[in-house]
Amino acid sequence: MGLKGDMARNGKSRLSVSKGREARLNRTVLLILGQEGPLSIRQVYKKAREHKELSQVRYRVVNRRMKALEQQGYIELAMARKVQ
């Protein structure tokens, strides 16, 4: 019986966030949050732009990716603040 779906050939499972066109940004966002702890979207955006391959990424793309990761349960909102 062959492996299908999210299983790689070596038997390790792959996260769905590590596949597709958004994979590089997903990995970078998760790496930044893992190293730095809770950050705002703007802070993650600024750190992501420091990476050579993501130097041209737009804020709205990072915002969309972080909201998608939150909906999928990979990250959670630590604190919400009202901005005037």
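Residues numbered from 1 in each chain as written. Predicted model: local features only at pLDDT ≥ 70, side-chain atom pairs only at ≥ 80, totals over all residues. Heavy atoms only, no water.

Digging into the nonpolar core
Judged by nonpolar contacts, the single largest core of 13 residues is most densely connected at Leu-25, Val-29, Leu-33, Val-44, Val-62 and Met-66. Sorting the residues of this core by element identifies helix H1 (23-36), helix H2 (41-49) and helix H3 (59-72) as the ones contributing at least two each. Here this core takes 4 residues from H1, the largest share from any one element. Those residues in contact with Met-66, other than ones at most four positions away along the chain, are Val-29, Leu-33, Ile-41, Val-44 and Ile-75. (Core = buried A, V, L, I, M, F, W, Y, C linked by side-chain atoms within 4.5 Å. Buried < 20%, exposed > 50% of the residue type's maximum accessible area, 1.4 Å probe, protein only. Helix = DSSP H or I, 4+ residues; strand = E, 2+ residues; numbered from the N terminus. Contact = heavy atoms within 4.5 Å.)

Re the packing of H2 against H3
For the pair H2 and H3, the least separation of the axes is 9 Å and the interaxial angle reads 120 degrees. By the angle between their axes, H2 is oblique relative to H3. Judged by the twist between their axes, the crossing of H2 over H3 is right-handed. Along its contact with H2, which presents Ile-41, Arg-42, Val-44 and Tyr-45, the element H3 presents Tyr-59, Val-62, Asn-63 and Met-66. Its residues assigned to classes, the contact of H2 with H3 shows 6 nonpolar, 1 polar and 1 charged. (Axes fitted to C-alpha atoms, helices over the stretch in contact; angles between N-to-C directions. Parallel < 35°, antiparallel > 145°, perpendicular 65-115°, else oblique. Left-handed = near helix turned anticlockwise from the far one by under 90°. Nonpolar A, V, L, I, M, F, W, Y, C, P; charged D, E, K, R; others polar.)

Thoughts on H1
With 14 residues, H1 extends 20 Å between its outermost C-alpha atoms, agreeing within 8% with the 20 Å of an ideal straight helix rising 1.5 Å per residue. Turning to H1, its buried residues number three or more, namely Ala-23, Leu-25, Asn-26, Thr-28, Val-29, Ile-32 and Leu-33. Structurally, H1 contributes buried residues whose contacts are with H2 and H3. (Expected span 1.5 Å × (residues − 1).)

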